[in-house]
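These are the residues of each chain, in order.
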Amino acid sequence: MGARGPIGKRSEERMGHRSKEEKDSITKAPSGSPLDVPDLPDPDPLWHPIASDWYLSLRESGQSAFYEPSDWAMARYAAHVMSQVLLSDRGPNGQLVAALNSVMSSLLTTEGDRRRARMELERKKPAGPKLASVSPLDSYRDIAGG
């Protein structure tokens, strides 16, 4: 997978000249639900709500466009283990939580995981109205002597 250490910035946040090779090494995908998510089993009704929410969130996440059936099976397994941890009377076991985090990381479920793997989800631009310029406010302040 990706490198260890600090998480790098998104490509649009980096300053300076970048080589074409470096720019081409980043995989970009649209954020949001992919168009071709396969028919997947629903979450187990006995799962903890957090595990169900996590599993369902993968269907809406851009990185899942790259998932193969084995990745979806791993996600289902991770949700099952997560549910067992969350429902346990003994509390979370450190080794089990670390293993679960590793599985979730291999599914690129966080921004940091995706950056380490040199994948970026292209965020959708806001579709709302543009805000007015503040220059008229500056003019009124000048007139008012403020």
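Each value, and the rule that gives it
As a convention, each chain's residues are numbered from 1 in the sequence order in which they are written. Restriction of local features to residues with pLDDT of at least 70 applies here, the model being predicted, together with a cutoff of 80 or more for giving and counting side-chain atom pairs; totals for whole chains, interfaces and linings are based on all residues. Side-chain figures throughout are based on the complete set of non-hydrogen atoms in the structure, without hydrogens or water. Segments assigned H or I by DSSP are reported as helices when at least four residues long, segments assigned E as strands when at least two residues long, and all are numbered from the N terminus. Any helix carries an expected span of 1.5 Å times its number of residues minus one. Relative accessibility thresholds used throughout: buried, under 20% of the residue-type maximum; exposed, over 50%; partly exposed, between the two (1.4 Å probe, protein chains only). Buried Ala, Val, Leu, Ile, Met, Phe, Trp, Tyr and Cys residues that are joined via side-chain atoms within 4.5 Å together make up what is termed a nonpolar core. What pLDDT conveys is the predictor's confidence in a given residue, as a value from 0 to 100. Any two of the Phe, Tyr and Trp rings considered here, Trp counted by its six-membered ring, make a pair once their centres fall within 6.5 Å; the pair's planes then place it as stacked at under 30 degrees, edge-to-face at over 60, or tilted in between. By the criterion adopted, a ring carries a charge over it if an Arg CZ or a Lys NZ lies within 6 Å of its centre and within 35 degrees of its normal.

*Asks:* Help me understand helix 3 (residues 69–87), please; the structure alone is not making it clear to me.
*Replies:* Quick reminder: α-helices carry 3.6 residues per turn. Residues three or four places apart thus point the same way. Taking 1.5 Å of rise per residue, 19 residues should cover 27 Å, and helix 3 covers 27 Å from first to last C-alpha, within 8% of that figure. Taken together, the buried positions of helix 3 are Trp-72, Ala-75, Ala-78, Ala-79, Val-81, Met-82, Ser-83 and Val-85.

*Asks:* Please clarify how the nonpolar core should be interpreted in this entry.
*Replies:* It is characteristic of soluble globular proteins that their nonpolar side chains tend to be buried jointly. Membership of the largest hydrophobic core comes to 18 residues, with the highest contact counts inside it found for Trp-54, Tyr-55, Leu-58, Ala-75, Met-82 and Leu-100. Counting only elements with at least two residues in this core, the list comes to helix 2 (49–59), helix 3 and helix 4 (94–106). Here this core gets seven residues from one element, more than from any other, and that element is helix 3.

*Asks:* What is the right way to look at the confidence of the model for the chain in this model?
*Replies:* Detailed reading of the predicted coordinates is not advisable wherever pLDDT falls low. Taken over all residues, the pLDDT of the chain has a mean of 79, while the share at 70 or more is 70%. Ranking the helices and strands of the chain by mean pLDDT puts helix 2 first, with 95, and helix 1 (residues 20–24) last, with 54.

*Asks:* For this particular structure, what's the right way to read unusual backbone geometry?
*Replies:* Unusually for a residue other than glycine, Leu-108 sits at a positive phi of about 55°. Looking at the element boundaries, Leu-108 is found in the loop between helix 4 and helix 5 (111–116). By relative accessible area, which is 14% here, Leu-108 ends up buried.

*Asks:* Would you mind showing me how to read the packing of aromatic side chains here?
*Replies:* For any pair of aromatic rings, geometry is given as the distance between the ring centres together with the angle between the planes. Applying the stated criterion across every chain, the model contains two aromatic pairs. On the numbers, 5.5 Å between centres and 80° between planes, the contact of Trp-47 with Tyr-55 is edge-to-face. In this pair, the class of Trp-47 matches that of Tyr-55, namely buried. Ring plane angle 70° and centroid distance 5.0 Å describe the contact between Tyr-67 and Trp-72, whose orientation is recorded as edge-to-face. Neither Tyr-67 nor Trp-72 differs from the other in exposure class; each is buried. Across the ring face of Tyr-55, the terminal group of Arg-76 is positioned such that the distance to the ring centre comes to 5.9 Å.

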